[in-house]
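# Structure at a glance
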Amino acid sequence: MGQYAIEVKGLRKKFGNQIVLNGIDLKVPQGTIYALLGPNGAGKTTLIHILSTLVAPDEGSVHVSGYDIRTEKNLVKHAISLTGQFAAVDEMLTGEENLRMICRLSGLTTAESRVRSSQLLHHFDLTASGRKRVKTYSGGMRRRLDLAISLVTSRSILFLDEPTTGLDTISRRALWDIILQLRNQGITIFLTTQYLEEADQLADTVAVITDGRVVATGTPEELKSRVGEEVIELRNLKDEVIRTIPTSGTVHDMGQTLHELSHTVPKDTRVSIRKPSMDDVFLALTTTTIKELEGISS
Amino acid sequence: MMTPLTSTKPASVWVTNAVFIGRGIRLSLRNVEALIMAIMLPVMLMLLFTYVFGGAIDPSGNYVNYVVPGIILLCAGFGSSSTAVVVAEDMTNGIIDRFRTMPIRCLSVVTGHVVASLARNLFATGVVIAVALLVGFRPSANLLAWLGALGIIVLFIFAFTWLFAAIGLVTGSPSSASGYGFILLFLPYLSSAFVPIETMPSWLRGVANNQPITPVIEAIRGLLNGTSTPTNVWLAIGWCLAILLASILWSVIAFRRKAGRR
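The model shown is predicted, which means the values in this text are computed figures rather than measured ones.

## Overview of the side chain of Ser113(A)
Residues and elements named next belong to chain A. Its place among the elements puts serine 113 in helix 4 (residues 110-123). Note on serine 113: relative accessible area 1%, which makes it buried. With sequence-adjacent residues up to four places away left out, serine 113 is seen in contact with Arg100, Cys103, Arg104 and Leu108.

Below, the structure written as structure tokens:
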């Protein structure tokens, strides 16, 4: 069990008649960033709630930091910190009050809490607004405060549920930097995201989840390679992409593909070649699943 | 880079409670509209019942001595009803998930709001009594009777605050919490709080005589005016304790259930 921060086997969860998680298996090595990538309603939040002890699973075994989440809930709670989908901060309190509150609840004395809070405010570039109510914070500031709170005491595993949803590009990049720094300190980070770019930029391992099942796992590079080394993109005269075709990238394959295309597409179609994006991976993986499912049902 | 502190022992139950009580009081103080309402309502009601309705109900001008306990309970009911809203707000916010994933006694979030409500309502009660004294309230109670009356008021506030907390936990949204809570606020009107029960139609007398507000009102009024009977006092305490225990139990169950599925 030792080398994995999180180990999940055969996890299932139903809410009423709705199957939310339909047999999840995953292993997260310690000190890595694991991104759960999937559309809305794929089961990402439910999975994170189960891993962070908020929701009990129906079936399967789940170990977090080596502890069973059913029987050793309290030990799990000592190892983790959760940042929910909506920033888990108190709007009517100031940033500093939020931090001090969590410090006190984590067992620090009043004096220690004061020191720790100001350190964290400083580190997350929030000193200037520490005495302002969180209600007045921007989305990026809230998320930074949220992460600061997660670091009040040593937690070896951080759960971040869609940490950058609703943030502008600059705030998003700033947050990515912080998350990478945390990983470099040895903290395991389990995050969910709808953004392919985010998973690509941050994750050591990406699991693509849809309809409660993991349809692919691997490094961002591995997943990209699943859709080929290169993508041929066809554009019409209005510069709209009309088709993308994954290829191995060799002269032979590309020549053959282009040759076939020359008979089927208008002569003025423009061709370009690019590296596959996570978008391509995602589309390829999810559409195959749909095709497979259709194949089964018909 | 910020190094996380080495692991500490999580806060004890006492520290946890203290932190959440502090939070509850802080949030109460910052909810300015509610705070103004909590101070204004007792003043307005006291003046309204004494100068507008009082003359019609009791032309002798003695109505103020009759109505003070009713206004105290009306304000206490109103003041504790906001607990339903803040508890529901907490439950729908991301912060509750953070508290739940910490190794602490999480129900203290609710306890914090309950104690804050007690503090708010005791303050409002003080305002009612002060205004009452200004407009001619002349209680004949000795110190012991005052303490008894105050004790029953505290118990009443506690019981109803826990009841509203349970409503906040069950309803799941701040607006529906405030809606359900509102229904309870009509109870004082259907009691001996503002008019003697004998003046009501007989079918309503049955309701008024057998609901918790009437014995509580009678006990407080009796203690303040020196006409108390032990029956009323014990009945009041009994009702409050029953409501208190049932509400705490209801809250605990509702809180657990919320935690289990979301």
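## A closer look at the environment of Trp239(B)
Residues and elements named next belong to chain B. Residue position: tryptophan 239 is located in helix 10 (residues 230-260). For the pair formed by tryptophan 239 and alanine 116, sequence separation is 123 residues and the distance between their alpha carbons is 23 Å. Excluding anything up to four places from it in sequence, tryptophan 239 contacts Asn210, Gln211, Pro212 and Pro215.

## Overview of the domain arrangement of chain A
All names here are of chain A. Here chain A is described as being made up of domain 1 (4-219) and domain 2 (225-297). Here the C-alpha centre of domain 2 lies 35 Å away from the C-alpha centre of domain 1. Of the residues lining the interface, 12 residues belong to domain 1; the matching set on domain 2 comes to 7 residues. Across the domain 1/domain 2 interface, buried area totals approximately 810 Å², and carbon plus sulfur atoms make up 80% of it. Ranking the residues of domain 1 by area buried against domain 2 places Leu196, Val208 and Val215 at the top, with a combined share of 49%. In this assembly, domain 1 and domain 2 are joined by 0 salt bridges. Looking at the side of domain 1 that touches domain 2 residue by residue, the classes come out as 8 nonpolar, 2 polar and 2 charged.

## As for the interface of chain A and chain B
Chain A puts 47 residues into the contact, and the matching count from chain B is 33 residues. Taken together, the connections running from chain A to chain B amount to 4 salt bridges. Arg23(B) is paired through a salt bridge with Asp90(A); the nearest N and O atoms lie 2.4 Å apart. The tally of links from chain A across to chain B stands at 9 residue pairs in polar contact (both at pLDDT 80 or more). Elements supplying a minimum of two residues to the side of chain A that touches chain B: helix 2 (73-79), strand 6 (80-83), helix 3 (95-105), helix 4, helix 5 (139-150) and helix 6 (169-184) of chain A. Taken together, the residues that form the side of chain A that touches chain B break down as 21 nonpolar, 18 polar and 8 charged.

The rules behind each value
- Residues numbered from 1 in each chain as written.
- Chains lettered and ligands numbered in written order.
- Predicted model: local features only at pLDDT ≥ 70, side-chain atom pairs only at ≥ 80, totals over all residues.
- Heavy atoms only, no water.
- Helix = DSSP H or I, 4+ residues; strand = E, 2+ residues; numbered from the N terminus.
- Buried < 20%, exposed > 50% of the residue type's maximum accessible area, 1.4 Å probe, protein only.
- Contact = heavy atoms within 4.5 Å.
- Domains from an automatic or database assignment.
- Buried area = accessible area lost by both parts, 1.4 Å probe.
- Salt bridge = Lys/Arg side-chain N within 4 Å of Asp/Glu carboxyl O.
- Nonpolar A, V, L, I, M, F, W, Y, C, P; charged D, E, K, R; others polar.
- Polar contact = N/O pair within 3.5 Å; in protein donor to acceptor, adjacent residues only side chain to side chain.

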